[in-house]
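# Descriptive analysis of the structure
Residues per chain are reported as follows:
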Amino acid sequence: MVGASLAGLSAARSLRKQGYDGRLVVIGDELHRPYDRPPLSKEFLAGSLAEADLALEPDTEDLRAQWLLGVRAVALDGPQRAVRLADGSEVRADGVVIATGAAARTLPGTDGLAGVHTLRTLDDARALRDELTLGGRLVVIGGGFIGAEVASTAYALGLDVTVVEAAPTPLAGPLGETMGTIVSALHADHGVRLLCGVGVKGLSGERRVDSVLLEDGRSVPADIVVVGVGARPCVEWLAGSGIELDDGVKCGADGRTGLAGVVAVGDCASWYDPRAGLHRRVEHWTGARERPDAAVAALLAGGAVEPSTPRPPYFWSDQYGVKIQFAGHAAGADSVTIEEGARDDRNVLAVYRRSGHPVAVLGMNQPRLFMRWRKQLAAAA
């Protein structure tokens, strides 16, 4: 198991649940045991959740696994199924699960500049939390969900917050332009400045950041900067392994790669979606928890199995006291209608349709109605 976060842990659990009783080795480049990432930008960052509360393993769980933590996988000999580690050691296996996840993208030229953060790991969240307690002016680069959650948390902590988004409409990718506009209006509702349609030219400061320089010539003062411009799959270590890479590890609908005995799960895996007829990565908590079952079944079977149709992708976000839930794929929808609530009250239930058929649903403070629609989407799939 190469990767010790949620997807790797889920695969390890699935192996035991499906009857595998052999040696199990879990490799992780972080020193920490598996922990929950969604709270890092919310409750943990706000200080209302302790590190112990992030643990994904109950005290009573024993997967009878050998944990190799704090060591990075640097290469895979595909035919031999041998994983080479940064410390020079090697782990050979009959089966390999690739679950190396994704890493936060950074801004070029910002290495070593104090006050500049990304948020992906527990160590990232620790460092950012310590700085936010000092207060000041925060600039978030990127108006996606992580950036928006950080902005919401920092606002509640009393910081002066500005969000810079290069796209004309934040969240247009996952939510579509109409609903992206409605959700991102939460920033303005709470006095957080949102600057859209302008890119970042660079950062100013000698040892510590003091401002964000925009491409239109403006300068935004900053004591702290959080870069939230997406993530890249951690697959560089697989170069030369024989595994096909295309925005992640290219897999079948059951997680199998082109190499026998090797499957991929989680944020690094680009699974084939038979309904859409294409490969795509699903960077959501539910996918990392649910999809390893199919990949492990294929791994233990030694070949293709008929995978169950995965439920439509689901994710959630908490911003400024509003619970945002989304299921399905907004891309390809030809209409979106608000079925319940009012956009000005930020409590809407919106349904996305293609040729009249529901393909996605968005809820803002509509948990019960949203869950009913989510079940309908899953049944239709």
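To be clear, the structure that these remarks concern was listed above.
Now for a description of the structure that goes with this document.

Rules used throughout
Throughout this description, residue numbers start from 1 for each chain and increase along the sequence as written. In keeping with the model being predicted, local features are shown solely for residues with a pLDDT of at least 70 and side-chain atom pairs are shown and tallied solely at 80 or more, while totals for entire chains, interfaces and linings include all residues. As a rule here, side-chain values cover all heavy atoms of the structure and leave hydrogens and water aside. DSSP bridges decide pairing: two strands pair if at least two such bridges lie between them. Here a helix means four or more residues in a row that DSSP labels H or I, a strand means two or more in a row labelled E, and each is numbered from the N terminus. Here, two residues are considered to be in contact whenever any of their heavy atoms come within 4.5 Å of each other. Only the contacting stretch of a helix is used when fitting its axis, a line to C-alpha atoms as for every element, and angles between N-to-C directions run 0 to 180 degrees. A 1.4 Å probe rolled over the protein chains alone gives each residue an accessible area, and that area as a share of the maximum for its type sets the label: buried under 20%, exposed over 50%, partly exposed in between. Within 3.5 Å is the distance limit for a polar contact, defined as a pair of N or O atoms, with the added protein rule that one can donate a hydrogen and the other accept it, and that residues adjacent in sequence qualify only through two side-chain atoms. Counted as salt bridges are all cases of a side-chain nitrogen of Lys or Arg within 4 Å of a carboxyl oxygen of Asp or Glu. Detection works on a 1 Å grid of protein atoms alone, calling trapped sets that fit a 1.4 Å probe cavities and calling open sets with protein on both sides within 12 Å along at least five of seven lines pockets, with lining residues defined by an atom within 4 Å of a point. Grid points are joined across faces, edges and corners, and a volume is the space filled by probe spheres set on the points. Under the scheme applied here, ten amino acids are nonpolar (Ala, Val, Leu, Ile, Met, Phe, Trp, Tyr, Cys and Pro), four are charged (Asp, Glu, Lys and Arg), and all others, including Gly, are polar.

### With respect to the sheet that holds strand E10 (residues 160-165)
In spatial order, the strands read E8-E15-E9-E10-E11; together these five strands make up an open sheet with parallel pairing. Edge positions in the sheet fall to strand E8 (116-117) and strand E11 (193-196), since each has one partner strand and no second. Each of E8, strand E9 (137-141) and strand E15 (224-227) touches helix H3 (residues 122-132); the most contacted strand, E15, lies at about 150 degrees to it. Running at roughly 170 degrees to E9, helix H4 (residues 145-156) makes contact with E9, E10 and E15 of the sheet.

### Quick word on the sheet that holds strand E20 (residues 278-281)
Taken together, three strands build an open sheet; the order of strands is E17-E19-E20 and the sheet is mixed. Lying at the two open borders of the sheet, with one neighbouring strand each, are strand E17 (249-250) and E20. Summarising the sheet, E17 and strand E19 (residues 269-273) pair through two bridges and their orientation is parallel. Its bridge partner lying in E19, lysine 250 is registered against serine 270.

### Considerations on the side chain of aspartate 273
Tracing the backbone shows aspartate 273 in strand E19. Judged by relative accessible area, aspartate 273 falls into the buried class, the value being 10%. A polar contact is formed between the side chain of aspartate 273 and the side chain of arginine 280, at a distance of 3.0 Å. Those residues in contact with aspartate 273 that lie beyond four places of it in its chain are Leu278, Arg280 and His329.

### Digging into unusual backbone geometry
Only a minority of non-glycine residues have a phi that is not negative, and only a minority of peptide bonds are not trans. In this model, leucine 171 sits at a positive phi of 65 degrees, which is unusual for a non-glycine residue. Tracing the backbone through its elements, the reader meets leucine 171 in the loop between E10 and helix H5 (172-175). A positive phi angle, close to 55 degrees, is found at asparagine 365, a residue other than glycine. Mapping asparagine 365 onto the fold places it in the loop between strand E25 (357-364) and helix H9 (367-380).

### Points about the pattern of salt bridges
A full pass over the atoms with the stated rule returns 24 salt bridges. One salt bridge in this structure joins arginine 346 and aspartate 189, with 2.7 Å as the shortest N-O distance. Residue arginine 346 is located in the loop between strand E23 (335-340) and strand E24 (349-354), and its partner aspartate 189 is located in helix H6 (residues 177-189); the two are separated by 157 residues in the primary sequence. With relative accessibility at 13%, the residue arginine 346 sits in the buried group.

### A look at the layout of surface pockets
Quantified by volume, the second largest pocket comes out at close to 490 Å³. Along the wall of the second largest pocket there are 28 residues; nearest its centre are Ala93, Asp94, Gly95, Val96 and Leu299. Those elements that place two or more of their residues in the lining of the second largest pocket are strand E1 (25-28), strand E5 (90-92), strand E6 (96-98), strand E18 (262-264) and helix H8 (292-301). Tallying contributions element by element places H8 first for the lining of the second largest pocket, with three residues. Class assignment of the residues belonging to the lining of the second largest pocket gives a composition of 19 nonpolar, five polar and four charged.

### Observations regarding empty space enclosed by the protein
Scanning all chains against the criterion turns up two cavities of 30 Å³ or more. In this model, the largest cavity occupies a volume close to 70 Å³. Taken together, ten residues form the lining of the largest cavity, with Thr286, Gly287, Glu290, Arg311 and Pro313 sitting closest to its centre. Top contributing element to the lining of the largest cavity by residue count: helix H7 (residues 285-290), with three residues. Approximately 60 Å³ is the volume attributed to the second largest cavity.

### A few points about the environment of serine 10
Inspection of the secondary structure assignment puts serine 10 in helix H1 (residues 6-17). The spatial distance from the C-alpha of serine 10 to the C-alpha of aspartate 293 is 7.9 Å, given a sequence separation of 283 residues. Apart from residues no more than four positions distant in its own chain, serine 10 is found in contact with Ala288, Arg289 and Pro292.

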